[in-house]
Amino acid sequence: MKKLKRTGVYLFLSVAALVSIFPFLWMIISMTNKSVDVTQGRLIPGTHLFENLKVLFETVDVVTALVNSTIIAVVTTFLTLLIGSLAGYGFEIYRSPGKDRIFNILLLSMMIPFAAIMIPLYRLFGGISSSIPFLGIDTLSAAILPTVVTAFFIFFFRQNTKMFAKELVEAGRMDGLSELGIFFRIYLPTMKTTYAAAAIIAFMNSWNNYLWPLVILQSPEKQTIPLLISNLGAGYSPDYGVIMTAIVIATLPTALVFFIMQKHFVAGMMGSVKG
Amino acid sequence: MSNSMESTSSAYVEKSKNKSTRRWFKKNYIGWLFILIAVIGIGIFYFYPMLRALLLSFQSGMGANLEYVGLDNYMRLFGDPTFIAALTNTFIYLLVQVPVMIILALVFSVILNDATLKFRGFFRTAIFLPCVTSLVAYAVIFKYLFGVDGLINQGLLSLSLISEPLNWLADPVLAKITIILAITWRWTGYNMIFYLSALQNVDKSMYEAAKIDGASSIQRFFYITVPMLKPIILFTSIMSTIGTLQIFDEIMNITNGGPGNATLSISMYIYNLSFKYTPDFGYAATVSYVIVILVVLFSLIQFKVAGDDK
């Protein structure tokens, strides 16, 4: 009986694992096959990879999309971490009732659905388009700016700052460091893991972001990777092999980040809940 | 002499008091500087647009020509079949998908928490893996998998589970099922990780004691695991609810809202109203406030339900 139950558990887990992994296997296999073979359900790797890559890079501007996505993700990650950690540190180290009240108000913004603020944001950037062109609609900065200040990361850094030894702040003051100096020279280096975890989440969110770029970026040369894939997928006569190649390229950075930094990855997710 | 000493010492006290006040003031003022950018940023990019959306929801007109129309937009909601369809669909996703996913994630986490299980790491990684894909990428893959001549139909046909290909994306019910399966695939592992980590803090001796008392594994699940994980279950169900109420990427890329409006979600309707048809920002803002109200409402309900039997 017990053995039978064990077998059942393994069977259940194996099916679950197969279902989870299968789409990945399928996209990697399909990347190497012709479009016809993909539609016919071929599940064996083929020899069409270079052809698919060639067609992809010749017919759509993948390079531009990769460059745009990289610029947006890197700048977003940097600013998100800087602003989020400054605030999280500020709220925890210079704690006061007034700041706690503000903190709670900021947390409320996590409940605001993006769809509700999307239109006013679009109009806001539309309004400044003529006076501040580099910040208007269809600019990378407009795609970046509204996403860099989030209550989630302020909360995340505050939670983690609770575990930071506050004596180090006093020690820094004794050594005559300025308050900002303490932050950059003491806090930042000791909180490396927290920053790593936050960087992973911020990068992935930005790399995969779809709705806001879809709204604010309009010209083809501003396209990001998710926009490119969405457009490819919506085509009437899709070349499946080529599209799968594009999807693999889009998934590669986040998958690599996951496999290389699995520990930080999970820690990052959990960091927001514990404490 | 003593007098002068007294005066110097009192001056010293005065001075140091002054200094410490100044220091206290400086420290506090610096504290505010640390949070300044974040406070301004959230004000400009969250609360200000929220306010603008509220004002917009009382206005109507095409493009930039807006005028105040009072509650007209809110009245319009009740007689708008597309809105009703979007609202119904979103509710179906929410009420079917979130419970199914949370139960599935709990089951996985309990099974995978068993230290005697072989290949634990592999199973955990495999089930978590869907989380690394972007929503757009996996949506496009699901669209192809569930196509008429897609792999799902081919598989079902070869297993003789169906006699002719199902038109997953063109049938109103099957299309909804496809969306629900897709979201469940993407997010179950994500929720599982939260439960797995929470299970680390559950005292193992409780399970041992229950076992000795003859509790079955199902009883242990409902009487120990679920109550112990209640706070985290509450947290994840609120997060999933907020996420599902806003669902957009999957709908847009798997079914584009179709067939008809059978899979249209509220967020997608807002997008269509603002950017696909002639822009009607006022009415779109009204629809968006429905999501705001629902998010608040559902969060309150979930808190209430979780808090009831304390």
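In this text the structure is predicted, and so the values were computed from the model without any measurement.

Quick look at the overall build of chain A
Next up, step 1: For chain A, the count of helices and strands is 15 helices and zero strands.
Next up, step 2: Here the C-alpha coordinates of chain A stretch approximately 70 × 70 × 35 Å along the principal axes.
Next up, step 3: By the burial criterion, 53% of the 275 residues in chain A qualify as buried.
Next up, step 4: In chain A, once contacts between residues fewer than 6 apart in sequence are set aside, the share between residues at least 24 apart is 71%.
Next up, step 5: By element, 69% of the accessible surface of chain A is carried by carbon and sulfur atoms, the whole surface being about 12,600 Å².
Next up, step 6: Separation between the mean location of the 20 positive side-chain charges and that of the 13 negative ones in chain A comes to 14 Å.

Brief notes about the interface of chain A and chain B
Next up, step 1: Contacts between the two partners involve 89 residues from chain A, matched on the other side by 83 residues from chain B.
Next up, step 2: When chain A packs against chain B, the two sides together hide about 7,400 Å² of surface, and 80% of this comes from carbon and sulfur.
Next up, step 3: Across the chain A-chain B interface, the total number found is one salt bridge.
Next up, step 4: One salt bridge in this structure joins R6 of chain A and D114 of chain B, with 2.5 Å as the shortest N-O distance.
Next up, step 5: At the junction of chain A with chain B, the criterion picks out eleven residue pairs in polar contact (both at pLDDT 80 or more).
Next up, step 6: Considering every element that reaches the side of chain A that touches chain B, the biggest residue donor is helix 1 (residues 2-30) of chain A, with 17 residues.
Next up, step 7: Across the side of chain A that touches chain B, the residue classes break down as 67 nonpolar, 16 polar and six charged.

Here's the deal with the side chain of S69 of chain A
Residue and element names in this part refer to chain A.
Next up, step 1: Summarising the element assignment, S69 is placed in helix 4 (residues 62-93).
Next up, step 2: Residue S69 is classed as buried on the basis of its relative accessible area of 4%.
Next up, step 3: When near neighbours in sequence (up to four residues on either side) are disregarded, S69 contacts W207, T224, I225 and P226.

Re the pattern of salt bridges
Residue and element names in this part refer to chain A.
Next up, step 1: The full count for this structure, using the stated rule, is eight salt bridges over all chains.
Next up, step 2: Residues D100 and R95 are paired through a salt bridge, measuring 3.1 Å at the closest nitrogen-oxygen approach.
Next up, step 3: Between E170 and R173 there is a salt bridge; the shortest N-O distance is 2.8 Å. Here E170 pairs with R173, and both are found in helix 9 (residues 167-174), just three residues apart, close to one helical turn.
Next up, step 4: A residue is classified by how much of its surface remains accessible, and R173, at 11% relative accessible area, is buried.
Next up, step 5: It is possible to trace a salt-bridge network through shared partners that takes in E92, R95, D100, R158 and K162.

Some remarks on the confidence of the model for chain B
Next up, step 1: On average, residues of chain B score 86 in pLDDT, and 89% of them are at 70 or above.
Next up, step 2: Taken as a whole, residues 1-8 of chain B scores under 50 in pLDDT and shows zero contacts with residues more than four places along the chain or in a different chain.

Examining the confidence of the model for chain A
Low-confidence regions, as indicated by low pLDDT, have predicted coordinates that should not be scrutinised in detail.
Next up, step 1: When the pLDDT values of chain A are averaged, the result is 88; 96% of them are 70 or greater.
Next up, step 2: Taken element by element, the predicted model of chain A shows its lowest mean pLDDT in helix 15 (residues 262-271) of chain A (66) and its highest in helix 4 of chain A (95).

Topic: the nonpolar core
Next up, step 1: Counting residues in each nonpolar core, the largest one holds 156 residues, and the members touching the most others are I229 and I247 of chain A together with L229, I270 and V287 of chain B.
Next up, step 2: Looking at which domains feed residues into this core, each of domain 1 (2-56) and domain 2 (80-308) of chain B gives three or more.
Next up, step 3: With sequence-adjacent residues up to four places away left out, L229 of chain B is seen in contact with L106, Y195, A198, L199 and V202 of chain B.
Next up, step 4: Of all hydrophobic cores here, the second largest spans 22 residues; its members include L81, I93, F156 and F164 of chain A.

Details of unusual backbone geometry
Residues and elements named next belong to chain B.
Next up, step 1: With omega at -5°, the peptide bond leading from G258 into P259 counts as cis.
Next up, step 2: Here P259 is to be found in the loop between helix 11 (249-254) and helix 12 (266-276).
Next up, step 3: In this structure, F119 takes a positive phi of about 55° despite not being glycine.
Next up, step 4: With respect to the helices and strands, the residue F119 is situated in the loop between helix 3 (81-112) and helix 4 (120-128).
Next up, step 5: Under the relative-accessibility criterion, F119 is labelled exposed at 59%.
Next up, step 6: Its identity is not glycine, yet N256 carries a phi of approximately 55°, on the positive side.
Next up, step 7: Examined against the element boundaries, N256 turns out to sit in the loop between helix 11 and helix 12.
Next up, step 8: Looking at N256, the relative accessible area reads 45%, which means it is partly exposed.

Here we look at helix 10 (residues 179-190) of chain A
Next up, step 1: For helix 10 of chain A, built from twelve residues, the straight-helix expectation of 16 Å at 1.5 Å per residue is met to within 8% by its first-to-last C-alpha distance of 16 Å.
Next up, step 2: Of all the residues in helix 10 of chain A, the buried ones are E179, G181, I182, F183, I186 and Y187 of chain A.

Calculation rules
- Residues numbered from 1 in each chain as written.
- Chains lettered and ligands numbered in written order.
- Predicted model: local features only at pLDDT ≥ 70, side-chain atom pairs only at ≥ 80, totals over all residues.
- Heavy atoms only, no water.
- Helix = DSSP H or I, 4+ residues; strand = E, 2+ residues; numbered from the N terminus.
- Buried < 20%, exposed > 50% of the residue type's maximum accessible area, 1.4 Å probe, protein only.
- Contact = heavy atoms within 4.5 Å.
- Areas by Shrake-Rupley, 256 points an atom, 1.4 Å probe, with all protein chains shown as cover.
- Lys, Arg positive; Asp, Glu negative; His and termini not counted.
- Charge placed at Lys NZ, Arg CZ, Asp CG, Glu CD.
- Buried area = accessible area lost by both parts, 1.4 Å probe.
- Salt bridge = Lys/Arg side-chain N within 4 Å of Asp/Glu carboxyl O.
- Polar contact = N/O pair within 3.5 Å; in protein donor to acceptor, adjacent residues only side chain to side chain.
- Nonpolar A, V, L, I, M, F, W, Y, C, P; charged D, E, K, R; others polar.
- pLDDT = per-residue confidence, 0-100.
- Core = buried A, V, L, I, M, F, W, Y, C linked by side-chain atoms within 4.5 Å.
- Domains from an automatic or database assignment.
- Expected span 1.5 Å × (residues − 1).

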